[in-house]
Amino acid sequence: MTERTVSEDEERERLVVDGAFGCGYLVRGGAASAPDLVDRWPVHRLGALTYHLHPRTRLQTAVRAHGPGRVVLLGHPVDVDAGTADGQAVCETALDTWAAGGLAAAVRYLAYLGGRWTAVLEPLSAPDAEVPGEITVVPDCQATQAVFYSTRAGIALGSQPALVAGAVGADPNPASVRMMSDLRAARPRGVVFLPGTMTTHEDVLPLVPNHLLRIRLGGRSAAVGHERFWPFQDRVEITDTSRVIDEFVDYFREHTRLLCTIDRPVVSLTGGRDSRTTLAAALPHLRRDSFTFTYYNPRDGLVGEGAPLDVFTANALSASVGVQHRVLRWRQPPEGSVFAEIYDRTYPVRRGSTGAAHAMWADLPHDLVHLQSIGAELGTTFYTVRPDAPLTPHRLMEIVTGRSDLPAELEQQAFGDYLDYAQFTPSAIGGYDYHDVFYWEQRMGKWGYLKYQDGDFAHRMLMPFNARGLIEIMQSLPYAQRADKVLLRAMLATVPALSDAHLPAHLRPDPPPEEQAITWRDLVHARPHVRPRIRSALDRVPLRRSSDRSMP
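Figured I'd write up the structure that's included with this text. Only a predicted model underlies this, so the values are computations on that prediction, with no experimental measurement involved.

Glancing now at the pairing of strand 16 (residues 368-371). Covered by surrounding structure in strand 16 are Leu368 and His370 together with Val369 and Leu371, the residues of both alternating faces. Across four bridges, strand 13 (residues 264-268) lies against strand 16 in parallel orientation. Within strand 16, the position partnered with Arg264 by the bridge is Leu368. As judged from the three bridges shared by strand 16 and strand 17 (residues 460-462), these two strands associate in the parallel manner. Across the sheet, the residue bridging to Leu371 is Leu462, located in strand 17.

The next point concerns the packing of aromatic side chains. The tally for this structure, following the rule as stated, stands at 23 aromatic pairs. The interplanar angle of 65° and the centroid separation of 5.2 Å between the aromatic rings of Phe148 and Tyr449 together place this pair among those described as edge-to-face. Taken together, the residues span a long stretch of sequence, with Phe148 in strand 8 (residues 148-150) and Tyr449 in helix 15 (residues 434-456) at a distance of 301 residues. Considered together, Phe148 and Tyr449 belong to a single accessibility category, that of buried residues. By the ring-pair criterion, three or more aromatic residues cluster together here, those being Phe382, Tyr383, Phe415, Tyr418, Phe424, Phe438 and Tyr439. Here Arg326 stacks its cationic end above the ring of Phe291, 3.8 Å away from the centre of that ring. In this structure, Arg443 packs its charged tip against the face of Trp447, placed 4.7 Å from the ring centre.

As for its placement among the helices and strands, Leu258 is situated in helix 6 (residues 241-260). Measuring from C-alpha to C-alpha, the distance between Leu258 and Asp79 comes to 8.5 Å, with 179 residues separating the pair along the chain.

Side chains of a nonpolar character, in soluble globular proteins, are inclined to be buried together. Within the largest apolar cluster, 163 residues are counted, with the highest numbers of intra-cluster contacts made by Tyr51, Leu110, Val138, Leu157, Phe248, Leu396 and Phe424. Counting residues per element, this core draws most heavily on helix 15, which supplies 10 residues. With residues up to four places along the chain from it excluded, the contact list for Leu157 reads Tyr25, Leu26, Val27, Val137, Val147, Phe148, Tyr149, Val164, Leu213 and Ile215.

Attention shifts here to helix 9 (residues 338-346). Among the residues of helix 9, those classed as buried are Val338, Phe339, Ala340, Ile342, Tyr343 and Thr346. Looking at the buried positions of helix 9, the neighbouring elements they touch are helix 1 (8-19), helix 4 (161-168), helix 10 (355-363) and helix 15.

Quick look at the sheet that holds strand 14 (residues 291-296) now. As summarised here, the arrangement of the five strands in space is 15-14-13-16-17, forming an open sheet in which the pairing is parallel. The sheet terminates laterally at strand 15 (324-329) and strand 17, the two strands that pair on one side only. Across the sheet, the mean angle separating the axes of adjacent strands is 30° when strand polarity is ignored. Strand direction decides the pairing type here: strand 14 and strand 15, joined by six bridges, are parallel. Bridging from a neighbouring strand, Tyr296 pairs with Arg329 of strand 15.

To continue, consider the side chain of Thr381. As for its position among the elements, Thr381 is in the loop between helix 11 (376-379) and helix 12 (393-401). Since its relative accessible area comes to 9%, Thr381 is described here as buried. Those residues in contact with Thr381 that lie beyond four places of it in its chain are Arg386, Tyr479, Arg482 and Ala483.

Read across the sheet, six strands follow the order 4-5-6-7-11-12 without closing on themselves; strand pairing throughout is antiparallel. Of all strands in the sheet, those bounded by a partner on one side alone are strand 4 (59-63) and strand 12 (221-228). Between one strand and the next, the sheet's axes are offset by a mean angle of 20°, whatever the strand orientation. In this structure, strand 6 (residues 114-123) lies alongside strand 7 (residues 135-139), joined through four bridges in antiparallel fashion. The partner of Val120 across the bridge, within strand 7, is Val137.

Let us now look at helix 13 (residues 408-415). Residues spaced three or four apart along an α-helix point in a common direction, a consequence of the helix completing one turn every 3.6 residues. For helix 13, the full list of buried residues reads Leu410, Glu411, Ala414 and Phe415. Along the long axis of helix 13, the arc covered by the buried residues comes to 105°, so they all point the same way. Projecting away from the buried face of helix 13 at angles above 90 degrees are the exposed residues Ala408 and Glu409. Packed against the buried residues of helix 13 are helix 5 (174-186), helix 12, helix 14 (418-421) and helix 15.

Across the chain, the bulk of peptide bonds are trans and the bulk of non-glycine residues have phi less than zero. Residues Trp230 and Pro231 are joined by a peptide bond in cis, for which omega reads 10°. By secondary structure assignment, the location of Pro231 is in the loop between strand 12 and helix 6. Unlike most non-glycine residues, Cys23 shows phi in positive territory, near 65°. Locating Cys23 in the fold gives a position in the loop between helix 1 and strand 1 (25-29). Note on Cys23: relative accessible area 6%, which makes it buried. Phi is positive for Ala143, close to 50°, though the residue is something other than glycine.

What counts, and at which threshold
Residues numbered from 1 in each chain as written. Predicted model: local features only at pLDDT ≥ 70, side-chain atom pairs only at ≥ 80, totals over all residues. Heavy atoms only, no water. Buried < 20%, exposed > 50% of the residue type's maximum accessible area, 1.4 Å probe, protein only. Helix = DSSP H or I, 4+ residues; strand = E, 2+ residues; numbered from the N terminus. Pairing = 2+ DSSP bridges. Phe/Tyr/Trp six-rings, centres within 6.5 Å; stacked < 30°, edge-to-face > 60°. Lys NZ or Arg CZ within 6 Å of the ring centre and 35° of its normal. Core = buried A, V, L, I, M, F, W, Y, C linked by side-chain atoms within 4.5 Å. Contact = heavy atoms within 4.5 Å. Axes fitted to C-alpha atoms, helices over the stretch in contact; angles between N-to-C directions. Arc of directions from axis to C-beta.

Right under this line is the structure:
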């Protein structure tokens, strides 16, 4: 018997399937069909829905003959209160909670899970029922495992808009292309993202963090309600800083510990407090083959010191606590390469920056859990300009772009339907600052998931700050203390080698009291190869004083 050899084309396709939509899913019911994109994915038919799961997506399900229904958990749920990262045990607890306290109790239990996951709760239907009962879909804290959906043909739910569009036959959305162009023109530098309910495909909508979906199937069609479930109670400000610090440190340590049990943990590290805080919590649970890593784009070193300092700081920090540090060279994938195909298959419409995603896919092992510190600013602060202005499309566009002079038509296109869709009103958000909630639900919900997918192309990215109980603890402090990052400082104080005080003075994150202007001497010092050109230029310029010609 001869052993069959794998052709280059087959191996390439295997790599593309493993990477594209990494750790993602497509769930469909009614008239929705399976697109070619999921041809090689495992299929599970559970109740009224069909689940197409990426080969690296984890499935847990629990159902009992006389129970209220079926619970499906996709991903890596973590129960901090129970001290477990056993997804099946979490699934069973969700079902027990549903049976004992009803659907609202189950939703609340799920809402306070950590980790990264999507939950589907489908009630058991009577044998003679003509249509199934109402299905509930709940995302994790920040919807880091994103949920997009469409009822254009039955119901389709997916981790990326392209998967949903493929299942229902939706076309690319030209309005999204124009919106991104307009936003980039309004904000030439910094992050921009598709705002409000807009996605890259027509008739495909996002499930906003802190909301759930209620789905009712009717034959080949479906109706969906998008409903806010958080906050469960109004915000209460706590001025007992010591109490909040203790609660934060305990919660953050335990959540991070549980994430470290899922697979080999590594930490993406810069000089910032957010990632240092993650390293401090993860340090006791790192393995001998764990490491930290930092991206570096060589071009950034030519325009400022920020990127090189991140590398030097991360390296010094890692050495100080005895952890290996790696530097990943940020770079675009070659045209026609395997990773270029992975990226194009995942994002057939809108192509963003691929440098970091490619570096992780090409340079890191694929059998690891990547601890990423995105989301920390939910608990500290991000939007620092907070006028007492009403919640309107104009104000939301002002937050996103920093501009108050944009056309009203553009503001309406971006956020005209969002306030109603997300039930985003002061009374509905229970005393929480709308700047914090907007950052949570829009920037994290519409931009953050792209960053998480960058890691999922190769491995599994998990966020220690992605836990509702943790964010509520952090947001309970007065604004000034949050802005001062007292909780992160307290966590860093538990590992003194990672605190600001133990960094070399030139690597500390705090800027000098007075920033000096960059002069031509600084340029020459940074790029000595230009000295001969400057000397030549000076020789051609009449000089009034010989001192003017001095070189550094």
